[in-house]
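Each chain, written out:
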Amino acid sequence: MAASKKDIRALTKEDLRVFFVEQGDKAFRGNQVYEWLWQKSAHTFEDMTNVSKETRQMLEDNFVINHIEVDTMQRSKDGTVKNAVRLHDGLVVESVLIPTATRTTACVSSQVGCSLDCKFCATARLKRMRNLNPDEIYDQVVAIDKESRLYHNRPLSNIVFMGMGEPLMNYNNVMKAIDKITSSEGLGMSAKRITVSTSGVPKMIKKMADDDVKFNLAVSLHSAIDEVRTSIMPFNETFPLIDLKEALEYWYAKTKRKISYEYVVWKGINDTQKDVDALVEFCKHVPSKVNIIEYNPIDDGDFKQATNEALENYIHALEKNRIVVNVRRSRGKDIDAACGQLANKK
Ligand code: SF4
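Cut-off values and rules
Residues numbered from 1 in each chain as written. Predicted model: local features only at pLDDT ≥ 70, side-chain atom pairs only at ≥ 80, totals over all residues. Heavy atoms only, no water. UniProt positions renumbered as here; feature names shortened; annotations may be inferred. Helix = DSSP H or I, 4+ residues; strand = E, 2+ residues; numbered from the N terminus. Rg over C-alpha atoms; globule rule 2.2 N^0.38 Å. Buried < 20%, exposed > 50% of the residue type's maximum accessible area, 1.4 Å probe, protein only. 1 Å grid on protein atoms, 1.4 Å probe; cavity = no way out; pocket = protein on both sides within 12 Å on 5 of 7 lines; lining within 4 Å. Points joined across faces, edges and corners; volume = space filled by probe spheres on them. Nonpolar A, V, L, I, M, F, W, Y, C, P; charged D, E, K, R; others polar. Contact = heavy atoms within 4.5 Å. Core = buried A, V, L, I, M, F, W, Y, C linked by side-chain atoms within 4.5 Å. Near = heavy atom within 4 Å. Polar contact = N/O pair within 3.5 Å; in protein donor to acceptor, adjacent residues only side chain to side chain.

As annotated in an unreviewed UniProt entry, the protein chain carries the name Probable dual-specificity RNA methyltransferase RlmN and comes from Flavivirga algicola. According to the UniProt record, the Subcellular location (unreviewed entry) comment for the protein chain reads "Cytoplasm". UniProt lists a comment for the protein chain under the heading Sequence similarities (unreviewed entry), and it reads "Belongs to the radical SAM superfamily. RlmN family."

Here you go:
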């Protein structure tokens, strides 16, 4: 019965090699099957055409391949694509393809829902159900890569972990997924093209630095004043800015890689001179750049995009202090695919 069979993609290559030897076959068979499962993204054992019929049947009797299914796919006027992805247990997460003139980026989810409670985020309203497995993260990337080739005639160029969930609260599985994505036995993408975005979990930022990861780090900062940040990102009470700052200094000392701060400016929340000055000061601690992101309102309208004047004030102050700043216009708003809007709405 399917329910009692194990997901074959939970096995490492070495596990598969041992399995085949135990079955009286050659260890090499494990390599072949592994290649089908990851590099070729086989959805069924039937697809494994260089494996004998008997072996395929034996695999069928013992295992399942728990692939994700793209349940619905919406395309925005600006070329953005949002996938609602159904997992093997029926839960749904979302991932997004964001095309620009020079790159196609996959924004992927790491958890079903989120346990953090950022007040401006639609995902926060979904209870955290569970962490995604490495294969479920990997499959989102494969699905978006296919869509990128289909709709934009080019492979996926970048990946950001900015979808549903806090990636550092699902650390091991996110790391395993990135290993597969970057491995020549997986998608062979460069780690330099991957960005993990966190709300700022100091202990895990240090762990990433210790683990000598090669991808980029982004932090959803949104305020460099504790009271303000706690009011919009309540976990800041547990992980205050002083701890975040120390962890980021540690990250930079070990990796020598700049940090990106994601920053939305909201009317009446973080649009004063005091907020600007605090951000400039915070940026001085570690080499960094700031991405000012256009806000996408979610239904209740408590948060409103600040005026252009307020944005200009930030940009001017950052540039004056030689801090790189980019303003990111939002994509896919018409299909609720923009930052902070992922909430399984159809
Ligand atoms: S912004 Fe990110 S960390 Fe915060 S609630 Fe939303 S998904 Fe979770």
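That covers the picture; the talk isn't over yet.
Draft legend 1. Representation of the overall build of the protein chain within the structure. A count of helices and strands for the protein chain gives ten helices and 14 strands. Against the globule reference of 20 Å for 346 residues, the protein chain gives a C-alpha radius of gyration of 22 Å, in line with a compact fold. Dimensions of the protein chain, computed from the C-alpha atoms along their principal axes, are close to 70 × 40 × 35 Å. Classification of the 346 residues of the protein chain by burial places 53% in the buried group.

Draft legend 2. Quick peek at the layout of surface pockets. The volume enclosed by the second largest pocket comes to roughly 230 Å³. Those elements giving two or more residues to the lining of the second largest pocket turn out to be helix H4 (134-152) and helix H5 (171-182). With three residues, the top contributor of residues to the lining of the second largest pocket is H5. Partitioned by chemical class, the residues of the lining of the second largest pocket number five nonpolar, one polar and six charged.

Draft legend 3. Geometry of helix H9 (residues 273-283). Within the sequence span of H9, burial applies to Asp275, Val276, Ala278, Leu279, Val280, Phe282 and Cys283. Elements in contact with the buried residues of H9: helix H7 (226-232), helix H8 (241-255), strand S12 (259-263), strand S13 (288-293) and helix H10 (308-320).

Draft legend 4. View of the nonpolar core. Membership of the largest hydrophobic core comes to 87 residues, with the highest contact counts inside it found for Met48, Leu59, Met208, Leu248 and Val290. In this structure, Leu248 is in contact with Ile205, Leu217, Val219, Ile259, Tyr261, Phe282 and Val286, ignoring residues within four places of it in sequence. In terms of nonpolar packing, the next biggest core, distinct from the first, is built from 16 residues, Ala122, Ile232, Tyr295 and Ile298 among them.

Draft legend 5. Region of the structure containing the site of the ligand. In the vicinity of the ligand, the residues found are Cys114, Leu116, Cys118, Cys121, Thr123, Ala124 and Gly165. In terms of residue class, the shell around the ligand is made up of five nonpolar, two polar and no charged.

Draft legend 6. Structural detail: the environment of Asp135. Its place among the elements puts Asp135 in helix H4. We classify Asp135 as buried; its relative accessible area is 5%. In this structure the C-alpha to C-alpha distance between Asp135 and Met58, which are 77 residues apart in sequence, comes to 22 Å. With near-sequence residues (within four places) excluded, Asp135 lies in contact with Asp7, Arg9, Trp38 and Asn66. A polar side-chain atom of Asp135 sits 3.5 Å from a polar atom in the side chain of Arg9.

Draft legend 7. Summary view of the UniProt feature "active site" (unreviewed entry) in the protein chain. Within this structure's numbering, the places UniProt gives as "active site" (unreviewed entry) are Glu94 and Cys339. Examined against the element boundaries, Glu94 turns out to sit in strand S5 (residues 92-99).

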